Amino acid sequence: MKITLKDGSVKEYAESKSVIEIASDISEGLARVATAGEVNGEVVDLRTVVEEDCELSILTFNDEKGKGAFRHTASHIMAQAVKRLYPDAKLAIGPSIDDGFYYDIDRETPLVAEDLEKIEAEMKKIVKESLALEQFTMPRDEAIEYFKEKGEIYKVELIEDLPEDSVISFYKQGEFTDLCAGPHLMNTKNVKAFKLTSLAGAYWRGSEKNKMLQRIYGTAFPKKAELEEHLAMIEEAKKRDHRRLGKELGLFMMRDEGPGFPFFLPKGMVLKNTLLDYWRDIHTKNDYVEINTPIMLSRHLWETSGHWGHYKENMYTTVIDEEDFAIKPMNCPGGILVYQSEPRSYRDLPIRMGELGLVHRHEKSGQLHGLMRVRCFTQDDAHIFMMPEQIRDEIKGVAKLIDEVYSLFGFKYHVELSTRPEDSMGSDEDWDLATDALRGALDDLGLPYVVNEGDGAFYGPKIDFHLQDSIGRTWQCGTIQLDFQLPLRFELEYTGADGEKHRPIMIHRVAFGSIERFIGILIEHFAGAFPTWLSPIQVKVLPISDKYMEYGEKVLSGLKESGIRAELDSRAEKIGYKIREAQMQKIPYMLVVGAKEEESELVSVRSRFEGDEGQKSLADFIASLKEEIKNKTAREIKTIEEK
């Protein structure tokens, strides 16, 4: 049989071989770090026997899917440790996740934070025991009886939901056996560095109607140094937590009276409106028109769009005049009604309609998280209506606009192309055409991308932009979705050059995604120290004492007349205290005024970037600051050594 490897080389074997045997044949070093295999695009266990020609990739921890196998094994080690220490604990599920793993357990006496150290210690013993992981199967009925005897009610429920003819996969390590499809490492000894990070509540199967379980979170790496680097990043993330900084900087608040519904405070509104002004500016330059559509529309509209059938569980509904209405979870149907408001010609196309639309979606209470996961947010939507031959250029135009936005804030990003999901509508032909158009536009731009099979929207494939913040975390924000279905369902038309009626094609796209979530990301990316153009307060005037308050007021007036956001610290405090307070509030510039400054009509400039910048005339300071704001320059903060 012929095995085609990732680099295009071919290995030939006379008999069947397991993935780990092939890895060993390639290189003993590769076999030592291998975590899983990928055969013809399907992730498989290292134990999987290859019996025919195929394409094979040997996965390691450096591959995302390889990380999954490694951390999934860590979750089994943790579950084994839990069962050793707390035999009464019942196990639910324990998958790998983006930055680690978790396991949900049910125990009459809940675990506390101190228990995590005990579990970690037991995990270290299991790793030292060097237990081989063995995979085996069992018929469904036997598997149910096996877990019933052990009292593992959650495993029983999972198996009972599978078809009656299912063959159930298990993994065994020492005395511990778990229901699992894999893949896993060959031995527990390979999980060398791990840390249990937190405890949380989680409803069984994610439903609020079910019992609340305890979720133990952890992470794992092949090397201690990698773990320490990751833990340092977590600590840095805690310092940057937008919920804490949002409160300290007076940007937003959350209240029990409106769970998931953020309140923006005055400084937060300055930040939000500055972002929206920027949004309007770049969209005007790119020939978008702005519209605004109602927050609530009737059921028949959502039935036509497909949202009532595909998305109703996430929608807030009400009854008006005995008719069902829904608060919009998305802006697109309203944009379609605007398109329908007058006859359209091919000469009008493309039409680019932007909308800063307030949408509401029902998120489960346990998933709410500051501004990152809310129930009410402003989506910076745009809907582009076009002819088929305009698709590529429009997609490229959107991609360039999104690139401009992310580059301004210093974000790197990567791109993913998501294809048709199982729950979708439309013909195979339309889906193929749409997917090929997105792929072709990305190729034209030279943008590298990965394919997410089956992760598209129900009405069309999409391109997602995942930006990377200053401490290496990724966030999915921008998206471009190509839609053949809604124009068909709403019978949209334009008159072509041939005088005949034709169906337009539609792009749904966002750049920020959710304004609220983007603000949360910016708070954490900049640790609250926003670029000057974005800062709610750009300058703080600091009189040395009450004697110089009048001069301070004069300086403040000059700043405000020039359109600069400024405040005066009029408190009877020492100047050192005022400077420290302004620094804590992440103010870009402080103007200290006292006897020397008043006498010579100057200001002493202190900045977040350089520290003491010396004395300047107010006019010169204002001129340089206005230039910085106009150009949206992001000044770098100098280190002590550089200063």
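As the structure is a prediction and not an experimental result, all values here were calculated from the model.

Draft legend 1. Structural view of the overall build of the chain. The secondary structure content of the chain amounts to 20 helices and 35 strands. Residue burial in the chain is summarised as follows: out of 643 residues, 51% are buried. Long-range pairs, those at least 24 residues apart, make up 69% of the contacts in the chain with a sequence separation of at least 6. In the chain, 85 side chains carry a positive charge and 113 a negative one; their mean positions are 6 Å apart.

Draft legend 2. Expanded view of the pairing of strand β27 (residues 474-483). With eight of ten residues buried, β27 is to be regarded as a mostly interior element. Examined bridge by bridge, strand β26 (residues 462-468) and β27 share six bridges and lie antiparallel to one another. Pairing of K462 across the sheet is with Q481, part of β27. Turn length for the β26-β27 hairpin, with the two strands adjacent in sequence and antiparallel, is five residues, and the turn residue G472 shows positive phi of about 90 degrees. Looking at chain direction, β27 and strand β30 (residues 505-514) are connected through five bridges and run antiparallel. Bridge pairing in β30 links I480 to R509.

Draft legend 3. Representation of a negative patch on the surface. A cluster of acidic residues, E12, E51, E52 and D53, forms a negative patch at the surface. Of note, E12 is situated in strand β2 (residues 10-12).

Draft legend 4. Just the sheet that holds strand β4 (residues 34-39), in detail. If you trace the five strands from one edge of the open sheet to the other, you get β2-β1-β7-β4-β5, paired in mixed fashion. Edge positions in the sheet fall to β2 and β5 (42-44), since each of these pairs with one other strand and no more. Shown here is a sheet whose adjacent strand axes are inclined to one another by a mean of 35 degrees, direction ignored. Note: β4 against strand β7 (residues 54-60), five bridges, orientation antiparallel. Note that in β7 the partner of E38 across the bridge is S57. Across the sheet, helix α3 (residues 64-85) lies against β4, β5 and β7, angled at about 130 degrees from β4, the strand it touches most.

Draft legend 5. Highlighting helix α20 (residues 618-630). In this model, α20 (13 residues) spans 18 Å end to end at C-alpha, consistent with the 18 Å of a helix rising 1.5 Å per residue. When we look at burial in α20, the residues that qualify are L618, F621, I622, L625 and E628. One side of α20 holds all its buried residues, which, seen down the axis, span an arc of 125 degrees. Among the exposed residues of α20, those oriented more than 90 degrees off its buried face are A619, D620 and K630. Those residues of α20 that are buried lie in contact with β31 (539-543), α17 (549-561), β33 (589-593), β34 (602-607) and β35 (611-617). K632 occupies a position one or two residues after α20 and carries a positive phi of about 50 degrees.

What counts, and where the lines are drawn
Sequence order as written defines residue numbering, which begins from 1 separately in each chain. Restriction of local features to residues with pLDDT of at least 70 applies here, the model being predicted, together with a cutoff of 80 or more for giving and counting side-chain atom pairs; totals for whole chains, interfaces and linings are based on all residues. To get the side-chain values, take all heavy atoms of the structure and skip hydrogens and water. Comment: elements are numbered from the N terminus, with helices defined as DSSP H or I runs of at least four residues and strands as E runs of at least two. Here's how the labels work: a residue is buried when its accessible area is under 20% of the maximum for its type, exposed when over 50%, partly exposed in between, all with a 1.4 Å probe on protein chains only. We call two residues in contact whenever any of their non-hydrogen atoms come within 4.5 Å of each other. Charge counting treats Lys and Arg as positive and Asp and Glu as negative, with His and both chain ends excluded. Here the site of a charge means atom NZ of a Lys, CZ of an Arg, CG of an Asp or CD of a Glu. Two strands make a pair as long as DSSP finds a minimum of two bridges between them. To count toward a patch, a residue needs a relative accessible area above 30% and no salt bridge. Like charges then connect within 9 Å, nonpolar side chains (Val, Leu, Ile, Met, Phe, Trp, Tyr) within 5 Å. Using a 1.4 Å probe, accessible areas were evaluated by the Shrake-Rupley method; residue-level cover was limited to the displayed protein chains. Take a side-chain nitrogen of Lys or Arg and a carboxyl oxygen of Asp or Glu: if they are within 4 Å of each other, that pair is a salt bridge. Orientation is described by lines fitted to C-alpha atoms, with helices fitted over the stretch in contact, and by angles between N-to-C directions that extend from 0 to 180 degrees. Here the expected length of a helix is defined as 1.5 Å per residue gap, with one fewer gap than residues. Comment: arc refers to directions from the helix axis out to C-beta atoms.

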